[in-house]
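# Analysis of the macromolecular model
Here are the chains, one letter per residue:
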Amino acid sequence: MEDGTEGEEEAPEPPEAPEAERPAAADQMPRWVPRAVAVLMLGVAGLFVVYWAFLQLRGLLTLLLISLFLSFAIEPAVNWLERQGIRRGAGTGLVFLGVFLSIVGFLVAMGSLLVDQANNLVDEAPGYIEDIEEWVESNFDVEVDAEELVQEFQEGGAARDLATGLADDLVEVGRQVVTVIFQALTVILFTFYLVADGPRLRRTVCSVLPERRQREVLRAWNLAIDKTGGYIYSRALLAFVAFLSHWLAFIIIDVPFPLPLALWVGVISQFIPTVGTYIAGIVPVVIAVLDRPVSALWVLGFIVVYQQFENYLLLPRITAQHLDMHPAVAFGAVIAGAGLLGASGAILALPAGATLQAFVSTYLNRHEVVESRLTHPRPVRPSLRSRLMGRRRRAAG
């Protein structure tokens, strides 16, 4: 026995495993990787399902968005009627009736104007053709036989083809009219529910949110109502002023159909963003040209002068409290809205942009801007105190 270790047998060392059979810890896949891959695949599949559902329901979502902004626009009037003692449902119905009568009156006025002008065009078409024939012959030294052209048009089958095409177009127009009527009824139904049952709807939304979130939702809702309603009512006031001004001007200039034309200018110039002014001005100018070319110059001049008066005097004062947006921002919002939702998006872009701007501004901290030539149109002169301090430093130095 040596060193007291006799009788103790040493434990045999385990045989070394072959190098090919050793587990490589670094090469093993972590247990969470398959689960993460499965979650990722489910997420991608869910996104595709959501995208497919959005494409299928895009039309309905657009109608809901239009209904929401229409409810923002008319809710101030319904609230005012409610304060006068009228029940909310009845007040909503009265506002809808007023809007409906206004739209019908506008369409009737424009329809009468269109029918009368079409009849005048048909009656005076031979004279126009003769004038065109004389103008072509005198300026281009070309003989044109208008009667022969009309005869060839009728006997060559072109008239029959044109009539067939118009019949097909009328069928398509009828189908589009039915679609528009169905969409309008859908918007009216949703808008009526959002306004007449607005308080209960907001209570239902807030009931699932904590108190702090409820205040934020109600603040955003109130901003949307103020901005959208203010936009609509300020535009309505501008449209009324434009209607009266152009009506009187068209009467003085002796333009045919002064009332429908003034109504057209007032509504289109105010409620179609960006290009509404140009669309509104073209129609009375064309009508005046067909009546007397000299009158068209007077009409065009008055429209230009009135636009300057409106842009620099009326518009800043009326819309200062309701839609405080920079013109470049407003123009960009209209383009973005048209790109997303078409014509309806262009109309909704301004109140939506104003609401978003007002909501974001409540969470931004404003600071005093430093005096710089980049922030002032004129060079900044140092204050009296700064000049005195500079003199003292120079004297001390």
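Rules of the game
- Residues numbered from 1 in each chain as written.
- Predicted model: local features only at pLDDT ≥ 70, side-chain atom pairs only at ≥ 80, totals over all residues.
- Heavy atoms only, no water.
- Helix = DSSP H or I, 4+ residues; strand = E, 2+ residues; numbered from the N terminus.
- Buried < 20%, exposed > 50% of the residue type's maximum accessible area, 1.4 Å probe, protein only.
- Contact = heavy atoms within 4.5 Å.
- Areas by Shrake-Rupley, 256 points an atom, 1.4 Å probe, with all protein chains shown as cover.
- pLDDT = per-residue confidence, 0-100.
- Axes fitted to C-alpha atoms, helices over the stretch in contact; angles between N-to-C directions.
- Parallel < 35°, antiparallel > 145°, perpendicular 65-115°, else oblique.
- Left-handed = near helix turned anticlockwise from the far one by under 90°.
- Nonpolar A, V, L, I, M, F, W, Y, C, P; charged D, E, K, R; others polar.
- Salt bridge = Lys/Arg side-chain N within 4 Å of Asp/Glu carboxyl O.
- Core = buried A, V, L, I, M, F, W, Y, C linked by side-chain atoms within 4.5 Å.
- Expected span 1.5 Å × (residues − 1).
- Phe/Tyr/Trp six-rings, centres within 6.5 Å; stacked < 30°, edge-to-face > 60°.
- Lys NZ or Arg CZ within 6 Å of the ring centre and 35° of its normal.
- Arc of directions from axis to C-beta.

Scanning the protein for helices and strands turns up 13 helices and zero strands. Along the protein, from the amino end to the carboxyl end, the secondary structure elements read α-α-α-α-α-α-α-α-α-α-α-α-α. Here the protein holds 397 residues, and 25% of them are scored as buried. Sequence separation of at least 24 residues holds for 63% of the intrachain contacts in the protein that already meet a minimum separation of 6. Here the protein has roughly 28900 Å² of accessible surface; of this, 66% comes from carbon and sulfur atoms.

Across the protein, the average pLDDT comes to 76, with 69% of residues at 70 or higher. The lowest-confidence element of the protein is helix α4 (residues 146-155), averaging 56 in pLDDT; the highest-confidence one is helix α6 (residues 198-206), averaging 88.

The N-to-C vectors of helix α7 (residues 211-253) and helix α8 (residues 258-271) enclose an angle of 150°; their axes lie 7 Å apart at closest approach. Relative to α8, the element α7 lies roughly antiparallel. Between α7 and α8 lies a crossing of right-handed hand. Residues Tyr231, Ile232, Arg235, Ala236, Leu238, Ala239, Ala242, Phe243, His246, Trp247, Phe250 and Ile251 of α7 touch α8, and the partners they reach there are Pro258, Leu259, Leu261, Ala262, Leu263, Val265, Gly266, Val267, Gln270 and Phe271. In the contact of α7 with α8, the residues fall into 18 nonpolar, three polar and one charged.

What follows is about the pattern of salt bridges. Inspection of every chain in the model, using the stated rule, returns seven salt bridges. Two residues, Arg200 and Asp197, come together in a salt bridge whose shortest N-O distance is 2.6 Å. For Arg200, a relative accessible area of 54% puts it in the exposed group. You can call Asp197 buried: its relative accessible area is 17%. Here Arg215 makes a salt bridge to Glu211, at a shortest N to O gap of 2.8 Å. With Arg215 and Glu211 both in helix α7 and four residues apart, this pair spans about one turn of that helix.

Following both chains from N to C, one finds helix α2 (residues 58-83) and α7 inclined at 80°, their axes separated by 7 Å at the closest point. What the angle tells us is that α2 and α7 run roughly perpendicular. Touching Phe69, Phe72, Ala73, Ile74, Glu75, Pro76 and Ala77 of α2 are Trp221, Ala224, Ile225, Thr228, Gly229, Ile232 and Tyr233, all from α7. Of the residues that constitute the contact of α2 with α7, the class distribution is 11 nonpolar, two polar and one charged.

A few words now on the nonpolar core. Formed by 20 residues in total, the largest nonpolar core has its most connected members in Phe250, Val255, Leu261, Trp264 and Val299. Contributing elements (two or more residues each) for this core: α3 (88-140), α7, α8, α9 (276-291) and α10 (293-319). If you tally residues by element for this core, the top one is α8, at five residues. Those residues in contact with Val299, other than ones at most four positions away along the chain, are Phe250, Ile253, Val255, Pro284, Val285 and Ala288.

Compared with an ideal rise of 1.5 Å per residue, which puts 43 residues at 63 Å, α7 spans 62 Å between its outermost C-alpha atoms and is within 8% of the ideal. Positive backbone phi, at 70°, marks Asp254, one or two positions downstream of α7.

Here we come to the packing of aromatic side chains. Scanning the entire structure with this criterion turns up seven aromatic pairs. By the ring-pair criterion, three or more aromatic residues cluster together here, those being Phe69, Phe72 and Trp221. One Lys or Arg, Arg202, reaches over the ring of Trp221 and ends 5.4 Å from the middle of that ring.

Okay, α9 next. An ideal rise of 1.5 Å per residue puts 22 Å on 16 residues; α9 measures up with 24 Å between its terminal C-alpha atoms. Gly276, Ala280, Gly281, Pro284, Val285, Ile287 and Ala288 are the residues of α9 that are buried. Buried positions in α9, seen along its axis, are confined to an arc of 160° and lie on one side of it. Along α9, exposed side chains directed more than 90 degrees from the buried face belong to Tyr278 and Ile282.

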